[in-house]
Number of protein chains: 2
Amino acid sequence: MNIAEVAKAAGLPAKTIRYYEDIGLIHPKRGENGYRDFSASDLHKLAFVGRARSLGFSIVECRALLGLYEDQGRASGDVKALAMTHVAQIRSKIDELRAMDATLSKLIQACHGDQRPDCPILAGLAKPAVG
Amino acid sequence: MNIAEVAKAAGLPAKTIRYYEDIGLIHPKRGENGYRDFSASDLHKLAFVGRARSLGFSIVECRALLGLYEDQGRASGDVKALAMTHVAQIRSKIDELRAMDATLSKLIQACHGDQRPDCPILAGLAKPAVG
DNA sequence: TATGGGGCTTCCAGCTGCTGGAAGGTCAAG
DNA sequence: CTTGACCTTCCAGCAGCTGGAAGCCCCATA
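In this text, all values refer to a predicted model and were calculated from it rather than measured experimentally.

Basis of the calculations
Residue numbers here run from 1 along each chain, matching the order of that chain's written sequence. Chains and ligands are labelled by the order in which they are written, letters from A for the one and numbers from 1 for the other. It should be noted that, the model being predicted, local features are given only for residues of pLDDT at least 70 and side-chain atom pairs only at 80 or more, the latter also being counted only at that level, while totals for whole chains, interfaces and linings use all residues. Note that water and hydrogens are dropped before the side-chain values are worked out from all heavy atoms of the structure. Nearness is defined per residue: one heavy atom within 4 Å of the molecule or strand is enough. Polar contact criterion, stated in full: a pair of N or O atoms within 3.5 Å, where within protein one must be able to donate a hydrogen and the other to accept it, and residues adjacent in sequence count only if both atoms are side-chain atoms. Helix numbering and strand numbering both begin at the N terminus, where a helix is a DSSP run of H or I of at least 4 residues and a strand a DSSP run of E of at least 2. UniProt positions are given in the numbering used here, feature names are shortened, and annotations may be inferred rather than shown by experiment. Contact criterion: two residues are considered in contact whenever any of their non-hydrogen atoms come within 4.5 Å of each other. Once two parts are put together, the accessible area they lose, assessed with a 1.4 Å probe and summed over both, is termed the buried area. Salt bridges are identified by distance alone: a Lys or Arg side-chain nitrogen within 4 Å of an Asp or Glu carboxyl oxygen. Any residue outside Ala, Val, Leu, Ile, Met, Phe, Trp, Tyr, Cys, Pro, Asp, Glu, Lys and Arg is labelled polar, Gly included; the first ten of those are nonpolar and the last four are charged. C-alpha atoms of residues with pLDDT of at least 70 in both copies form the basis for the least-squares superposition of the copies.

## Side note on the protein's contact with DNA strand C
In step 1: Taken together, 19 residues lie around DNA strand C, and Tyr35 and Arg36 of chain A together with Lys15, Tyr20 and Arg53 of chain B are the ones closest in.
In step 2: Each atom of DNA strand C within 4 Å of the protein belongs either to a base or to sugar and phosphate, the latter forming 65%.
In step 3: Arg36 of chain A is positioned such that a nitrogen or oxygen atom in its side chain is 2.7 Å from a phosphate oxygen of DNA strand C.
In step 4: At 3.0 Å, a side-chain N or O of Thr16 of chain B approaches a phosphate oxygen of DNA strand C.
In step 5: Examining the composition of the surface near DNA strand C, we find that 4 residues originate from one element, helix H2 (residues 14-22) of chain B, more than from any other.

What follows is the structure in structure tokens.
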């Protein structure tokens, strides 16, 4: 399989796949002509990484997950620990975003939003947070 | 005021303040010795940007907000529009993160997390999403 | 067999928003 | 006069790609 085919199958841009090889996530072999020649296993790994990425795992985490995936003797506890750490990060990010949303929503509600210059949003940004 | 003082007052690292000058958000004047000499207005702008950043506005958005802030003839509607667009982005990010959370939480719950290699989390990553 | 259009390769640069560090000038205290 | 804390500039690097240039390669058609 060459890169375009694998890209389509894995749902990743060819550029990204080259990048993943670059950083050592996959090691496709090369044909006589220098073209990458992907195996089914390469494709599986790419799809795996693609899904992990779409769940927000970093490349470092993906590398670890891939290692565990390939290691037949892994302990599921290690995987679970990694995933739980990640979920915790996701949740704290959600909390952070919700706080932003709350603050901004209040300011937006207070702003009449017309042609006049008077603006509680700018006023809110100009002064230290009060609540 | 020199940079350390302003950094403390604005709650931003000196490096960040230099960077903000670099990209043209502020234009502090210079003393004889080449040191930056910040005015009260520079400080206000930095604090303004700091707050906008902490609400998740991008640098580009901060630049626009700063422009509106400085423009006595602005229409509050323009500010409100900018803020509403931003809130919409925050909310879609929250939704995205919540979807990740939901998927991962399910996988984590299904995983016994012990010494055995059998792992629904890895299995979930290895196969196309089903639900 | 020549040619044209696509796909493949590499490498380099740039995006966001800083942050760390090196090399060197400056200032104030002792 | 020295010491140490400041200040300056510039360069490199973080994540995770993405775009583009320059140059092979392959296949189909004329």
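## Observations regarding the UniProt feature "domain: HTH merR-type" (unreviewed entry) in chain A
In step 1: UniProt annotation of "domain: HTH merR-type" (unreviewed entry) refers to residues 1-68 of chain A when read in the numbering used here.
In step 2: Span residues 1-68 of chain A is 62% helix and 6% strand, its end C-alpha atoms 26 Å apart.

## Some details on the environment of Ser105 of chain B
In step 1: Note on placement: Ser105 of chain B falls in helix H5 (residues 76-110).
In step 2: As for Ser105 of chain B and Ile121 of chain B, which are separated by 16 residues in sequence, their C-alpha atoms are 9.7 Å apart.
In step 3: Discounting residues that sit within four places of it in the chain, Ser105 of chain B has contacts with Val87 and Arg91 of chain A.
In step 4: Separated by 2.7 Å, the side chain of Ser105 of chain B and the backbone oxygen of Asp101 of chain B make a polar contact.

## Some points on the interface of chain B and chain A
In step 1: Taken together, the 50 residues of chain B in the interface contact 50 residues of chain A.
In step 2: Here chain B packs against chain A, burying approximately 4200 Å² in sum over the two surfaces, 72% of which is carbon and sulfur.
In step 3: The tally of links from chain B across to chain A stands at 2 salt bridges.
In step 4: Close ionic contact of Asp101 of chain B with Arg91 of chain A constitutes a salt bridge, the shortest N to O distance being 2.9 Å.
In step 5: Listed by contribution, the elements that provide at least two residues to the side of chain B that touches chain A are helix H3 (40-54), helix H4 (59-70), H5 and helix H6 (120-126) of chain B.

## Quick notes on the protein's contact with DNA strand D
In step 1: Around DNA strand D there are 19 residues in total, and Lys15, Tyr20 and Arg53 of chain A together with Ala4 and Arg36 of chain B lie nearest to it.
In step 2: Sugar plus phosphate: this is where 68% of the atoms of DNA strand D within 4 Å of the protein reside.
In step 3: Note that a phosphate oxygen of DNA strand D is positioned 3.0 Å from one of the side-chain N or O atoms of Thr16 of chain A.
In step 4: Contact distances for DNA strand D include 3.1 Å between a phosphate oxygen and a side-chain N or O atom of Arg18 of chain B.
In step 5: For the surface near DNA strand D, the element with the highest residue contribution is helix H2 (residues 14-22) of chain A, accounting for 4 residues.
In step 6: Across the surface near DNA strand D, the residue classes tally to 8 nonpolar, 5 polar and 6 charged.

## Some remarks on the relation of the copies chain B and chain A
In step 1: Once chain B is rotated about the relating axis by 180° and shifted along it by 0.0 Å, it coincides with chain A to within an RMSD of 0.1 Å. Here the copies are linked by what is in effect a two-fold axis. It is Ile94 of chain B whose C-alpha, among those of chain B, lies nearest the rotation axis, at 2.8 Å.
In step 2: Looking at chain B, 100% of its interface residues are interface residues in chain A too, so the copies touch through the same face.

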